[in-house]
Amino acid sequence: CPEDISLVAFDEPEWADIVTPLLSVVRQPTHDMALMAWRFLLNRMSGVVTHQQEIRLEAEVIFRNSVADIR
């Protein structure tokens with residue numbers, strides 16, 4: 001890795017930056033996800049919002065040594 005295969009993990013395990021090669025990851029905005037879930041729940045419980053809500057949050061791709069450079 002990455003000569004034969006590139007590897008990207010979803011989420012960012014705590015050990016991603018201590019393995020060899022360093023693991024490329026898709027980092028989710030977990031803090032923002034929890035905050036929005038809490039707000040949605042409070043609004044729903046208080047009756048402010050009764051319909052389904054949707055929000056999109058941006059994930060971040062962090063390329064490290066586990067992905068080959070295709071250039």
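Below: a short report on this structure. (Residues numbered from 1 in each chain as written. Predicted model: local features only at pLDDT ≥ 70, side-chain atom pairs only at ≥ 80, totals over all residues. Heavy atoms only, no water.)

## A short note on a nonpolar patch on the surface
Short version of the rule: Within the patch definition used here, like charges are joined within 9 Å and nonpolar side chains (Val, Leu, Ile, Met, Phe, Trp, Tyr) within 5 Å, considering only residues with over 30% relative accessible area and no salt bridge. Areas reported as accessible are Shrake-Rupley estimates using a 1.4 Å probe. Residue values count occlusion only from the protein chains shown. Think of a salt bridge as a Lys or Arg side-chain nitrogen and an Asp or Glu carboxyl oxygen that are within 4 Å of each other. Strands here are runs of E lasting at least two residues and helices are runs of H or I lasting at least four, both read from the DSSP assignment and numbered beginning at the N terminus.
Among the surface-exposed residues, W38, L41, L42 and M45 lie close enough to one another that they form a single nonpolar patch of about 450 Å² accessible area. With respect to the helices and strands, L41 occurs in helix α1 (residues 30–46).

## Focus: the pattern of salt bridges
To be explicit about the condition: Only protein chains enter the accessibility calculation, which uses a 1.4 Å probe. A residue is then buried if its area is under 20% of the maximum for its type, exposed if over 50%, and partly exposed in between.
Under the definition given, this model contains four salt bridges. One salt bridge in this structure joins E12 and R27, with 2.6 Å as the shortest N-O distance. A residue pair is termed long-range when its members are at least 10 positions apart, and E12 in the loop between β1 (8–10) and β2 (24–27) and R27 in strand β2 qualify at 15 residues. Between E54 and R56 there is a salt bridge, and its shortest N-O distance comes to 3.3 Å. E54 gets classed as exposed once you look at its relative accessible area, which sits at 60%. Residue R56 is classed as exposed on the basis of its relative accessible area of 71%.

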